[in-house]
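Coordinates in review
Here's the letter readout for the chains.
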Amino acid sequence: MNTPNEWYMQRCITLAEKGAGSVAPNPMVGAVLVYQDQIIGEGWHEQFGTAHAEVRCIQNAEDNGHGHLLPQSTMYVSLEPCAHHGKTPPCSDLIIRKNIPRVIIGCRDPFVHVNGKGIEKLRNAGVEVEEGVLEQACRQLNKRFFTFHQQHRPYIILKWAQTSDGFIASNSAERLLISNEITNKRVHLWRSEEAAILVGSKTALKDNPVLTNRLGHGAQPIRLLLDRYLQLPAQLFLLSDAMKTIVFNTIRQETIGAKAFVQLKDQASILQEMMDALYQMNIQSVLVEGGATLINQFIALNLWDEARVITNQELEIKNGLSAPLLKLAIKQTTETVLNDRIDYFTNPLIASL
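Now for a look at the structure at hand. Here the structure is a predicted model, which means the values were calculated and not measured.

Moving on to the sheet that holds strand β11 (residues 254-256). A sheet is described by the order of its strands in space; here 10 strands give the open sequence β11-β12-β10-β9-β8-β13-β6-β14-β17-β16, paired in mixed fashion. Only two strands of the sheet have a single neighbouring strand rather than two, namely β11 and β16 (330-337). Within the sheet, the average angular offset between the axes of one strand and its neighbour, ignoring direction, is 20°. Strand direction decides the pairing type here: β11 and strand β12 (residues 259-263), joined by 3 bridges, are antiparallel. Paired with I256 across the two strands is K259, which belongs to β12.

Set out below in structure tokens:
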């Protein structure tokens, strides 16, 4: 059975999850205020650029007529309160100003402008601070944010669909539709949860994808295309529509309308160079949707965090383009969606959160 501290921290996590898809590149954060074993205020970071969880939590308590109880209350928050001026003032300053005597924190913020500074400021002001309650769960909540700030690259998710006999495409020019309609909606939801989505030139040419989450809701990911020598026809959706696309190449650096051409060096480490560029652009996560050659390159470089593999258990084609192969991976879970099986893997060779 969870302790009271763990119960309240779990409530913070549940609240924080409401900000999924709306707060990036900020982390998801939830906060609750407790007075004599009763929650008197709750809040979460709802939208990038708006008030943080701690501010909304305090406002909620005050709106409910509990402002006078703040000096006798405990604040629970899933991530260390900030100590710097960004788009909003420091939350640690507000906590101190409201005379909240005790703060319990899930985990420290890895962002260089915070990372212990919020805790230090609270303690220097006489606030009792406890760290590490459900720490792993709080870090996992913001795995993209932690990976970005600790490894200086986006969080990378590999995704592909394969037949029951292990092929990702047929040998013909015709596109092979593998996953079912319900699974496709799931994929579009995944797209809305990530900052960007990436395909290579072969997939762009053969499938002519739009790469949106048009079957779901939420923000549209930034579309990324690796066209090393700018050989793709301009009529493709990725190059001709009005939506934002970043084209990584070795030829030119230029922005034309919604299309940004980013020049990279023509070398073996072009994927790492691409991730470095995305880090500089503050893009915290990438869903890599193909094709097989591109995904295999990520696997060969051990440059991935998660993989989501969709297998149509009823489709067999006997010959075609082989699906990528994860040499080392930990299967976390499996779910079945009609005739599709979705396996979720994590990379055991990446330093754990």
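Here we come to the pattern of salt bridges. Inspection of every chain in the model, using the stated rule, returns 22 salt bridges. The shortest N-O distance in the salt bridge between K98 and E62 comes to 2.8 Å. One end of the pair, K98, is in the loop between α3 (91-97) and β4 (102-107); the other, E62, is in helix α2 (residues 53-63), and 36 residues separate them in sequence. With its nearest N and O atoms 2.5 Å apart, the salt bridge here joins E306 to K143. Taken together, the residues E306 in strand β14 (residues 306-312) and K143 in helix α6 (residues 143-151) connect sequence positions 163 residues apart. The class of E306 is buried, set by a relative accessible area of 7%. Beyond isolated ion pairs, a larger network of salt bridges with shared partners links R102, E128 and E130.

Below, the discussion takes up unusual backbone geometry. What is expected of a backbone is that most residues other than glycine have negative phi and most peptide bonds are trans. Cis rather than trans, the peptide bond between A24 and P25 has omega equal to 10°. Residue placement: P25 occurs in the loop between α1 (4-16) and β1 (30-35). Of note, the amide linkage connecting G290 to G291 takes the cis form, showing an omega dihedral of 5°. Here the phi dihedral of N208 falls at roughly 45°; this positive angle occurs in a residue that is not glycine. By secondary structure assignment, the location of N208 is in the loop between α8 (201-207) and β9 (222-226). N208 gets classed as partly exposed once you look at its relative accessible area, which sits at 25%.

In this section: the pairing of β4. Of all 6 residues making up β4, 5 are buried, and the element is well covered by its neighbours. Examined bridge by bridge, strand β3 (residues 74-79) and β4 share 5 bridges and lie parallel to one another. Across the sheet, residue L79 finds its bridge partner in β4, namely C107. Across 3 bridges, β4 lies against strand β5 (residues 128-130) in parallel orientation. Note on β5: the bridge partner recorded for V103 is V129.

Criteria and cut-off values
- Residues numbered from 1 in each chain as written.
- Predicted model: local features only at pLDDT ≥ 70, side-chain atom pairs only at ≥ 80, totals over all residues.
- Heavy atoms only, no water.
- Pairing = 2+ DSSP bridges.
- Helix = DSSP H or I, 4+ residues; strand = E, 2+ residues; numbered from the N terminus.
- Axes fitted to C-alpha atoms, helices over the stretch in contact; angles between N-to-C directions.
- Salt bridge = Lys/Arg side-chain N within 4 Å of Asp/Glu carboxyl O.
- Buried < 20%, exposed > 50% of the residue type's maximum accessible area, 1.4 Å probe, protein only.

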